[in-house]
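Spelled out, the chains give:
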Amino acid sequence: MRNRKTNIWMLLSLAAVLLLSACGNSGNAGGNAGNTAGNAGGKSLGDQVKHEIIGIDPGAGIMKAASAAIEEYGLSDWTLIEGSSAAMTATLAKAIKSEQPIIITGWTPHWMFAKYDLKYLEDPKKVFGEAEEIHTVVRKGLKEAHPEAYEFLERFEWTSDEMGEIMTAIQEGQDPAEAAKAWAESHSDRVDAWTADIQPVNGDTFKLSYVAWDSEIASTNLIQYILESRLGYKVTALQVEAGPMWTGVANGDVDATAAAWLPLTHADYWDKYKDQVEDLGANMTGVRTGLVVPSYVEANSIEDLK
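In this report, we go over the structure that sits alongside the text. (Residues numbered from 1 in each chain as written. Predicted model: local features only at pLDDT ≥ 70, side-chain atom pairs only at ≥ 80, totals over all residues. Heavy atoms only, no water.)

## Some details on the overall build of the protein
Selection rule: Helical segments are the DSSP runs of H or I of at least four residues, strand segments are the runs of E of at least two, and each set is numbered from the N terminus. Should any heavy atoms of two residues lie within 4.5 Å, those residues are counted as being in contact.
Helix and strand counts for the protein stand at 13 helices and nine strands. In the protein, the share of contacts with a sequence separation of at least 24, taken over all contacts with a separation of at least 6, comes to 81%.

Dropping the structure here:
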């Protein structure tokens, strides 16, 4: 009888230990979930991301705006990390895979907004400005030298959703030129509208320039395909930094670019070269730049980074 009572007591004690252990583990799980929301062990979001904002190439206008935001919002202990668009998205993917907080310089249109659940941090001081536009800018005299290309570029405009189809295809591994060709062939009505009644040329050379952003890779490859397949041009597309892109058009070495972000991102270049180029207007409206985080990060405003 005594042994039986002892065994019962031992079983009850073991059950109590297991219950307490489960409760402890549950508490840890809740703490880990809190880590992904930007509050790991009571650490601030800044401490968790080492007070770093992951940026892109140093010549990009968004980097200048991000640096201004650091100053305007008093984020003196924060560092803006220079890199590239590809490096930024790779770092973002790694952080999201492990559900860790991260802050990046972001813009739309971009395929990452379709692939991941992201949000812009509010910018009450409007350092990043209002919604922007992507403009087509051409060299002086293009209308007289290449009226066919000029007419097409003047008509060319599309939506962020349309661009997103090409960007997503490229991100999933398709060659940019092939992705642009596939889009053009599946949206022939759009291409027909842009090229209607324009007589093709016979192998005239044409030069485009663009920055290595996913959005501009998509648009430039599409424009190149249409100029070649529909209008008979032989096109060279140069991938350069923002400064050489603008300089090339301004001095006439490049015929056109469809990658001019105005009025904020490329404001300095526009102020410098606006009298040396011709602006054909926006080929896309409602684009945006700013600081971006995964939706699970608790911060909602740049002010929350202080």
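## Points about unusual backbone geometry
Looking along the chain, the bond that leaves T108 and enters P109 is cis, with omega of 15°. Within the secondary structure, P109 sits in the loop between β3 (104–108) and α5 (112–115).

## Side note on the packing of aromatic side chains
How two aromatic rings sit relative to each other is set out by the distance from centre to centre and by the angle between their planes. Worth spelling out the cut-off: Stacked, tilted and edge-to-face are the three classes assigned to paired rings of Phe, Tyr and Trp, where Trp is represented by its six-membered ring and a pair needs centres within 6.5 Å; plane angles under 30 degrees give stacked, over 60 edge-to-face, the rest tilted. Partly exposed residues are those whose accessible area sits between 20% and 50% of the maximum for their type, while under 20% is buried and over 50% is exposed, using a 1.4 Å probe and protein chains only. Each ring is checked for a lysine NZ or an arginine CZ that lies within 6 Å of its centre and within 35 degrees of its normal; such an atom marks a charge sitting over the ring.
Using the criterion set out here, one finds twelve aromatic pairs in the structure. Arranged with centres 5.4 Å apart and planes meeting at 20°, the rings of F113 and Y120 form a pair that is stacked. Note on F156 and W194: the rings are 4.8 Å apart at their centroids and 70° apart in plane angle, and the pair reads as edge-to-face. You can see F156 sitting in the loop between α7 (147–155) and α8 (160–171) and its partner W194 sitting in helix α10 (residues 188–195), a full 38 residues away along the chain. Residue F156 is classed as buried on the basis of its relative accessible area of 2%. A network of ring pairs unites the aromatic residues F152, F156, W158, W183 and W194 as a single cluster. R288 extends its terminal NZ or CZ atom over the ring of Y120, reaching a point 4.0 Å from the ring centre.

## Considerations on the pairing of strand β5 (residues 132–139)
Keep this limit in mind: Think of it this way: DSSP has to see at least two bridges between two strands before they count as a pair.
In terms of burial, β5 is a largely internal element, seven of the eight residues being buried. Judged from the seven bridges that link them, β5 and strand β9 (residues 277–294) form a sheet pairing that is antiparallel. Note on β9: the bridge partner recorded for V137 is D279.

## Regarding the pattern of salt bridges
To be explicit about the condition: In what follows, salt bridge is the name for a side-chain nitrogen of Lys or Arg lying within 4 Å of a carboxyl oxygen of Asp or Glu.
On inspection of all chains with the given rule, the structure shows seven salt bridges. In this structure, the salt-bridge partner of E130 is K126, at a minimum N-O distance of 3.9 Å. Look at K126 and you get partly exposed, because its relative accessible area is 47%. With a shortest N-O distance of 2.9 Å, E151 and R155 are connected by a salt bridge. Of the two residues, E151 and R155 are both situated in helix α7; the distance of four residues between them amounts to about one turn of the helix. Salt bridges sharing common partners tie together E157, E162 and R190.

## Quick notes on the nonpolar core
Spelled out, the test is: Residues belong to one nonpolar core when they are buried, are Ala, Val, Leu, Ile, Met, Phe, Trp, Tyr or Cys, and are joined through side-chain atoms within 4.5 Å.
Core analysis: the largest hydrophobic core is formed by 92 residues, its most contacted members being F152, F206, L222 and L227. Considering every element that reaches this core, the biggest residue donor is β9, with seven residues.

## Details of the environment of I104
As for its placement among the helices and strands, I104 is situated in strand β3. I104 sits in the buried class, given a relative accessible area of 0%. Sequence separation between I104 and G290 is 186 residues; the distance between their C-alpha atoms is 8.5 Å. When neighbours within four sequence positions are excluded, I104 is seen to be in contact with I53, I54, M88, L92, M112, G290, L291 and V292.

## Considerations on the side chain of D255
Note the following rule: Contacts described as polar in this section are N or O atom pairs within 3.5 Å, which, within protein, must combine one atom able to donate a hydrogen with one able to accept it, while residues neighboring in sequence count only if both atoms come from side chains.
Looking at the element boundaries, D255 is found in the loop between α12 (242–250) and β8 (256–262). A relative accessible area of 8% places D255 in the buried class. Among the polar contacts made by the side chain of D255, one reaches the main-chain amide nitrogen of K207 at a distance of 2.8 Å. Dropping the residues within four chain positions of it, D255 is found in contact with V138, R139, L142, H146, T205, F206 and K207.

## So, α10
Because the α-helix completes a turn every 3.6 residues, residues three or four places apart line up on one side. Going by this rule: Directions drawn from the helix axis to the C-beta atoms are what define this arc.
Taken together, the buried positions of α10 are R190, V191, W194 and T195. End-on, the buried residues of α10 take up no more than an arc of 120°, which puts them together on one face. Buried residues along α10 sit in contact with α7, α8, α9 (176–186) and α11 (214–229). Two residues or fewer past α10, D197 is found with a positive phi of approximately 65°.

## A look at α7
For α7, the full list of buried residues reads A149, Y150, F152 and L153. Down the axis of α7, the smallest arc covering the buried residues is 165°, so these residues share one side.

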